[in-house]
Amino acid sequence: MNATATFEQTRTALADAAREARASWSTRATVFLLAVALALLAPAVLPLGDRMTDLAGFVYLAVAAVGLGYAVGLGGIPSLGQGAFVGIGAVVEANARASEGWPFLPSIFVAVVAAAAAGVLTGLATGRLRRAFVAVSTWILSWIVALALTSFPGISGGAQGLVLPGSFSPTAHYELGIVLLALAMLAFVVIAPRGSGLGLRAGRDDPAAAIGLGVPLPGLRLGVLTASAALAGLAGALTVELEQIADPSGYGPVLSFELFVAVIVGGARTPLGPVVGLLAISALRHLAEEVGGLRGLPPGRLEEMLTGYGLLVALAIGGAGIVPAAQAWLGRRRNRAFRPQTPSARPLFAVEAAGPLAALGLSKRFGNLVALEGLDLDLVPGTVHALVGPNGSGKTTALRAITGELRPDSGSVELAAEPLGELSVRDRVLRGVVGTQQTTAIFPDLSALENVLVGAGVRTTHDRTLRMLLQTPKARAEEAETRRRALGALAVAGLAGEAGRPAGELPAHARRRLMLAAALATGPRVLLLDEPAAGASAAELNGLAELLTRLRNSGLALLVIEHNLRFVGRVADVVTVLEAGRRLASGTLAEVAADATVRAAYLGRGAF
Amino acid sequence: MRRLLLLLVLCLLAPGCGGDDSTGSKKTFLIAVNAPFTRTPYVGSTIADGAQLAAEQQGTYHFRVKRYDNGLSARRAVANVRRAIADGAVAIFDEGTGVNASWRLARDAGIPLCVTYQGGQGLVDPVERPNVFRIAPTDHGTAFRLAEYLVPKGLEVALLVDDSSYGQEGEEALRDAFSRNPEAVAIRLTVPAGAPDLAPEVLRARRAGATGLLVWGQPTTIAGVLSAARSSGWNVPVYTPAAGEDPLVRQQLASHPDWVDGLTFAAGRPTAEVGPGPFLAFQRSYEERFGVQLVGVKTPDGFEIVQPPDYAMYSYDCVNVLAAAIDQAGGPDDHAKVLEEMNQISVQGANGDRRGFNERNHEGVVDDDVYFARFHGMTYAPVKDDPLSSTLTAIDQRR
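Residues numbered from 1 in each chain as written. Chains lettered and ligands numbered in written order. Predicted model: local features only at pLDDT ≥ 70, side-chain atom pairs only at ≥ 80, totals over all residues. Heavy atoms only, no water.

Caption draft 1: Highlighting empty space enclosed by the protein. Residues and elements named next belong to chain A. Summed over the entire model, instances satisfying the criterion amount to 5 cavities of 30 Å³ or more. Looking at the largest cavity, its volume works out to about 110 Å³. Around the largest cavity, the lining comprises 14 residues; the ones closest to its centre are Ala209, Leu213, Ala441, Met515 and Ala518. Looking at the lining of the largest cavity, the elements that each hand over two or more residues are α10 (207-212) and α21 (508-520). No other element matches the 4 residues that α21 contributes to the lining of the largest cavity. (1 Å grid on protein atoms, 1.4 Å probe; cavity = no way out; pocket = protein on both sides within 12 Å on 5 of 7 lines; lining within 4 Å. Points joined across faces, edges and corners; volume = space filled by probe spheres on them. Helix = DSSP H or I, 4+ residues; strand = E, 2+ residues; numbered from the N terminus.)

Caption draft 2: Examining a nonpolar patch on the surface more closely. Taken together, A:Val136, A:Ile140 and A:Ile144 make up a surface patch of nonpolar side chains, about 270 Å² in accessible area. Relative to the helices and strands, A:Val136 resides in helix α6 (residues 131-151). (Patch = residues over 30% accessible without salt bridge, like charges linked within 9 Å, V, L, I, M, F, W, Y side chains within 5 Å. Areas by Shrake-Rupley, 256 points an atom, 1.4 Å probe, with all protein chains shown as cover. Salt bridge = Lys/Arg side-chain N within 4 Å of Asp/Glu carboxyl O.)

Caption draft 3: Layout of the nonpolar core. In this structure, A:Tyr70, A:Tyr251, A:Leu514, A:Leu527 and A:Leu548 are the most contacted members of the largest nonpolar core, which totals 132 residues. Top contributing element to this core by residue count: helix α3 (residues 52-74) of chain A, with 15 residues. Among all residues touching A:Leu527, those that are not within four sequence positions of it are A:Val434, A:Leu516, A:Ala519, A:Leu520, A:Leu551, A:Leu556, A:Ala557, A:Leu558 and A:Leu559. Listed in part, the 109 residues of the second largest apolar core include B:Val43, B:Leu253, B:Ala267 and B:Ala312. (Core = buried A, V, L, I, M, F, W, Y, C linked by side-chain atoms within 4.5 Å. Buried < 20%, exposed > 50% of the residue type's maximum accessible area, 1.4 Å probe, protein only. Contact = heavy atoms within 4.5 Å.)

Caption draft 4: Structural view of the confidence of the model for chain A. Summing up the model confidence of chain A, the mean pLDDT is 84 and the portion of residues at 70 or higher is 89%. Within the model, pLDDT remains below 50 along residues 343-347 of chain A, and this stretch shows 7 contacts once partners closer than five positions in the same chain are excluded. (pLDDT = per-residue confidence, 0-100.)

Caption draft 5: Quick peek at the sheet that holds strand β1 (residues 28-35) of chain B. Residues and elements named next belong to chain B. Strands sit in the order β2-β1-β3-β4-β5 across an open sheet of 5 strands; the sheet is parallel. Strand pairing shows two members of the sheet lacking a second neighbour, β2 (62-69) and β5 (132-134), which therefore form its edges. Taking the axes of each pair of neighbouring strands and ignoring which way they run, one obtains an average angle of 25° across the sheet. For β1 and strand β3 (residues 89-94), the ladder comprises 5 bridges, and the chain directions are parallel. Paired with Ala32 across the two strands is Ile92, which belongs to β3. Against the sheet, helix α4 (residues 99-109) touches β3, β4 (113-115) and β5, its axis set at about 150° to β4. (Pairing = 2+ DSSP bridges. Axes fitted to C-alpha atoms, helices over the stretch in contact; angles between N-to-C directions.)

Caption draft 6: Layout of the interface of chain A and chain B. Residue-level contacts link 27 residues of chain A with 32 residues of chain B. Taking both partners together, chain A and chain B bury about 2,400 Å²; carbon and sulfur atoms supply 55% of that area. The interface formed by chain A and chain B holds 2 salt bridges in total. In this structure, A:Arg51 engages B:Asp87 in a salt bridge whose closest nitrogen and oxygen atoms are separated by 3.6 Å. (Buried area = accessible area lost by both parts, 1.4 Å probe.)

Caption draft 7: Just the environment of B:Pro196, in detail. Along the chain, B:Pro196 turns up in the loop between β7 (185-191) and α7 (199-207). A C-alpha to C-alpha distance of 9.1 Å links B:Pro196 and B:Thr220, two positions 24 residues apart in sequence.

Caption draft 8: Summary view of the pattern of salt bridges. All names here are of chain B. Across all of its chains, the model carries 35 salt bridges over all chains by this definition. Salt-bridge contacts for Arg67 lead to Asp49; the nearest nitrogen and oxygen are separated by 2.9 Å. Of the two residues, Arg67 sits in strand β2 while Asp49 sits in helix α2 (residues 41-56), which places them 18 residues apart along the sequence. Salt-bridge contacts for Asp353 lead to Arg269; the nearest nitrogen and oxygen are separated by 2.7 Å. Here the residue Asp353 occupies a position in the loop between β13 (346-348) and β14 (354-356), and Arg269 occupies one in the loop between β10 (264-268) and α11 (277-290), the gap between them amounting to 84 residues. Residues Asp353 and Arg269 agree in their burial class; the two are buried.

Dropping the structure here:
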C-alpha cells in the first residue's frame, strides 16, 4: 500500500470518526467537557492557594474511588480492599523514590504494576467465591496489608512514614489529577455499554445467564479488578508524591471502607457516583468539624458520628445512590419516554450450514441419584426436537450437558461429527451451541437492547478494551454491525419497540422472549430452550409457536424442553421421552404416544 | 428544605466570616497544637491544655491555641501542619507524629515546630532541622538512664517492647543503651500491642532467667505484662519509660492495686533543685483552669488519685520560650528573626528548670533530668536508690 492510499484511508477514517462523534454528541458530553475545563481553570481564577494540596489529594482519592466503581458498579465485585491497593501503590512509590532514588515516571510505573499484580492475585483468589465471601476476603486483604505495613517499619517507614523529595507543585498535581479523573470517568462511560463492559454488567445481574450466552465472565472480572487495583495504585503513588509522605497507618481497612461507602452512597453504576459519594462524605466531615468547633468540642469528637448519620440519611434517601436518585428524579421531571429503536431491515441472521448435533450415551450421576443414563439425542438442522418427561427425569441435565455447563460422567457431544469434548460454554457458543435457562434469566438493570447485545457481542473480534477505549474504525464498524444484529434479533422476538426499556420493567412473557432474542443474537446453529412456554397465555403460545417455526425454517436445529404437550404437538418434529435419565421412546408425537412403554410409564394418564 | 440548606451554608460560612482575630489593641497569633486528640485523648489534651494555660498568661501578645487532631497518622499530621500554616500559625506544637515530613513545611513557612511528647531519635537535629525544637525527655536519655540505673543492680533484664511505633522506637533506644552491657540482658522480646494475654511472653522471659522486666510499650502492654507476671505469682521488678505513669495502666489494674506496687518508671523530673514550689504553683494554675485530672482509682485508704500535669508543663514551657523569642524579635512577623531568637532564649520552666535552646542543642530537657519513680498504693514517689531521684520531692496525688 503506498503512502497516498494510507493517507487517504486515514483521512476517511478520521472524517468518519468526526461525523460519528458529531452524531452521537449529547448534552451530557457538553456538560462533562465544560466541567473538566472549569475544573482545570479553577486554580487560575479562584484563590485556592493554601487548599490546593487538599484539593489535589481529594482528586487523587476520587480516582481510586472511580477505580473501585469499575469493580463494584461494572463487575458487581464488592471489593473492600481498595485501600490496600492504594497502600501498595503508595509504599512501592515511596520506597522506589525515597530509598532507591528512582525518577518519577519509572517509580510510578512500578507502583501501578505492583498494585495491579496484587489485584490479579486477589482476583484469582476470590474469582470463584460468592459476593459475600469476596467482600470478606478483600476486607481481610485490607487488614493483612495494614498489619504487614505496621510489622515491617523498614519498608513502610513506621509511625513516622516514608518521606519523599518534592516533585511537582500542588497545582500541577491537581491538574494531573483532574485529567486522570476525567479519563477514568470517560473510560467508564465508553466501556459500560459495550463489549466487556456489557458482559460485566450482565454477569453482575445474573452470572449463570451471562456465562450461558458465552460471556467470559471470570476473565472479565479478573480484568476489571486488576484495572481497579491499578487505578488505586496510581492514586496512592501520586498522593505520596503530592503529600511527600507515605503513611502506613493511612492505608488500612478504614480507607477501604471509606472508598466503598463513597461508591455506594454516590452510586456505583455511574462514573460520577463515586466522586459525588466522596464529596458527600467530605462535606459531612467538614460540617461536623465546624459544628464541633462551634460547640467547643475537641476536633474529631463529633466528626465520625455526624458523618455516620449523614451517610445513613444519604443511603436512606438515595437507595441506589445519590446520582441514580438524582437521575431518576430528573427523568421524572422531564417525563422522558423511551425512544423506540429502528429495527434493521436486514434479515435476522443467516444460519451457517452445519451438521447435526449428536449426544452419544450421556450419563450423569449426582451422588446416588442417576440423572442421565446413556442418553442419545440427534438434533438435526431445520427440525424442532422436543424433550419431554416428568420433573426430575433429566431433561435440564441433558441440556446443560450439551451446552457445557455440566460435565457428563460419560458419553460425548458432537457437532457435525466433531466432538465438543472439554470445550467450555463460551467455546460451544462460538461453535453455535447455545442454551437458555429454565428460569427467566435476563439482566434487569440493562435495557432490552443491551440484553441482546450481550449475546451479539460474543462473536466480536475488535472489542478488546483498548480498541474500544480508542474507538478504532474497526471497533466502531464492528460495534455498529453488532448493534444491527441485536436490533434484528429483538425485532424477530417482537420486541423492537422495547429496545430502550430497562429489561426489569418488561412483562413476564416479554422477558422470556428477550432471553430468546439474546440467545439468537449469538448466532446459533443449535438452540436449546428450557421451558420457553412456561406460564404463557394462549395468545403468547401462538406467537411463540410461530417464532419457533420460523426459526426452524431458517435452518436452525432446536431442542425444546417442555411440559405443555399441546404446544409440543404444534412445534415439534421429533419428540424424545425421558424417565429417570433414560430415553423411553423417540419419534414423532404420534409414534411416541403410541409407544407401549411410554404409555405404561406415565402417558397413560391421558396426557395425549 | 430550603431553610435547612440555607442554615447548613451559614454554618459552613460562619467560621470564615468572623472578622480578624484582633482583641482590642492586641493582635492575636495562632499556635497550632497537632496531637492525637481522638486516639490518645490524654496526651492530646495534656499538650493543648499546657499550651493554652501559658497562652492565657502572656501579657504582651495574645495567643490563640487551635487543636488539630492527627489521629496518630503521619499523613494527617502533615496535612494538619499544612492547614495550620494556611491558617497563619506562628508556631506548631507537635506530639511528634509525622515530624519527619512536616518539619519541612514549617521550615518553608519560616515557623518553629516544637515537639512536646515523643522522644524519638532523629526527630530533632539543629543542623538538618533548624526550626525543630523539643521540650520532652528523649528516648535516648530515658533508655540510658534506665541502663545506668539497672545494670549496677546486677539484674538480668528481659527487654519487652511492643510492636507499636512507641515500642519500636524504644527498642532502638534500648539497643544502644544496653550495647555495652549485653550480660545485663536476659532476652529481647517483641509483643503484640493490644494483645489480650501476654502470659506466654512473660513465661519465656522467666524461663530465660530474667530477674527484672523492662517494658517499653503502650500503657495497655505494660498493664498486660504486670497482669501476666503477678497472676502467675512472679513478683519480678518491672521497669518502664514514662508510659508507666499513664492513668490507663492503673485503670486496667484497678481490681489488683497490689500488682501495680513496685512498678518503676523513668520520666522527666517534675521538680528541680529549687524544690517543688514552681511545679506546685504550675499545678495549681493548671487545675484552677482545667480542673483536676482524676486517674479513676483510689488509694488503699480511700482517697481519689489525681494525675500531676507533668507532660503539660512541656508545652507550657514551649509557649513561654516562643513568647520570649517573639518578644525579642519585636513581633512574630519576621520569622527568621524569631527562629534566631529561639536559639538564644532561656526561660524558667514550670518545674523551675531553665528551658531554652542554642544553635547546637534544640533539646529542652537534658538527658540527666530523667528521674525514676515507683508506685505504691496506686500513687508514685521518686525512688531513693538513684542519686538524682532521691533529691526530688514527691508530689501529692491524693484528693
